[in-house]
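Single-letter residue listing:
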Amino acid sequence: MKLKVIIAAALVMSVSSVAFAQYEEKMQEEGVVHGTVTVNGETIEGYIKKDEVTFAEETHVAYYSLQKSIKFIDKSTFENTEKIKRKMYTTYTPKNCQGFTYENEVFDVRRYADNSAVGFNMIPRNMFMRQIKVNGPVTFYLHYNTPSIVYTGEGAYEAEMTEIFNNPHLAYFREGMEKPSMIEHIMKKDFADCPRIQQKMENKEYEKSRTKEDNEALYGIAEIRNESIFDERNLNILEDFIKNGCQ
């Protein structure tokens, strides 16, 4: 009896392994990754078309492109259709989707304006923002600039792409905010509901240096190369708010 159970279990595992390998092969052929979309409050499992870019002989997820739209196919259609057609994919944008996951990464729809830019990018608009950490009452996001369309000069493309990926904009969001704000632009009015923090800002109590380890513990990522662009004072403000609240 025990032998039969063992044989049956082995057969089940074998079939499962074959099925898994077949799905993995199909995913590679179609160029998709596991993902979900949230539409009208409902989370749907499925697959998302890979969005990647290659520069400096390395392939990266094209986060700046994912900020705009994704192509998604639901799990059932993908796994039960022998030949996938382009029309089976649905294009989701911040207008018809509240967010998505791309492999293990989370993207939320947020209204955002790049206050460091000039022109169109300064206008607030809805986009998918890459969530890097939820730390208590504060959610941290990264925003990526969109690459140029035309390049002149040798090495211009790789130089710009390296800058975009190495130095994204770090933004934060907390309850009561209309949209995420860049870390560089924290002002006293942003904590109008927190008299304790406002007083400490007036007293310049947040003018303290930070380490790379401090920053990684705060917003949970080590891939930002040029952390000197962030005002240490502002990171100290957020850390205090997360640990101690307003009162």
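Our structure is the block above this text.
Description of the structure in this document. All chains use their own residue numbering, which begins from 1 and follows the written sequence. Totals for whole chains, interfaces and linings use all residues, but because this is a predicted model, local features are given only for residues with pLDDT of at least 70 and pairs of side-chain atoms are given and counted only at 80 or more. The side-chain values count all of the structure's non-hydrogen atoms but skip hydrogen atoms and water molecules.

### Regarding the overall build of the protein chain
Okay, so step 1: The helix count covers DSSP runs of H or I at least four residues long, the strand count covers runs of E at least two residues long, and both are numbered beginning at the N terminus. On a plain count of helices and strands, the protein chain comes out with seven helices and twelve strands.
Okay, so step 2: Here the term buried applies to any residue with accessible area under 20% of the maximum for its type, exposed to any over 50%, and partly exposed to those in between, with areas from a 1.4 Å probe on protein chains only. Out of the 247 residues in the protein chain, the part that is buried amounts to 39%.
Okay, so step 3: Here, residues are in contact when the closest pair of their heavy atoms is within 4.5 Å. A separation of at least 24 residues holds for 58% of the contacts in the protein chain among residues at least 6 apart in sequence.
Okay, so step 4: Here the protein chain has roughly 14600 Å² of accessible surface; of this, 51% comes from carbon and sulfur atoms. Methods summary: accessible areas were calculated by the Shrake-Rupley approach with a probe of 1.4 Å, and residue burial reflects only the protein chains presented.

### A short note on helix H5 (residues 195-202)
One turn of the α-helix equals 3.6 residues, which is why residues spaced by three or four share an orientation.
Okay, so step 1: When we look at burial in H5, the residues that qualify are Ile 197, Gln 198 and Met 201. In an axial view of H5, the angular spread of the buried residues amounts to 100°, which keeps them on one side of the axis.
Okay, so step 2: Buried residues along H5 sit in contact with helix H7 (232-244).
Okay, so step 3: Looking at the residues trailing H5, positive phi occurs at Lys 204, about 60°. This arc describes the spread of directions from the helix axis toward the C-beta atoms.

### Considerations on the pattern of salt bridges
Okay, so step 1: Only one rule defines a salt bridge in this text: a Lys or Arg side-chain nitrogen within 4 Å of an Asp or Glu carboxyl oxygen. Counted according to the given criterion, the structure contains nine salt bridges.
Okay, so step 2: A salt bridge links Arg 174 to Asp 193; the nearest nitrogen and oxygen atoms lie 2.8 Å apart. Separated by 19 residues along the polypeptide, Arg 174 in strand S11 (residues 169-174) and Asp 193 in the loop between strand S12 (181-182) and H5 bring together distant segments of the chain.
Okay, so step 3: The exposure class assigned to Arg 174 is buried, which follows from its relative accessible area of 6%.
Okay, so step 4: Ionic pairing is found between Arg 196 and Asp 240, a salt bridge with its closest N-O pair at 2.9 Å. Taken together, the residues Arg 196 in helix H5 and Asp 240 in helix H7 connect sequence positions 44 residues apart.
Okay, so step 5: Through salt bridges that share partners, Arg 196, Lys 200 and Asp 240 make up one connected network.

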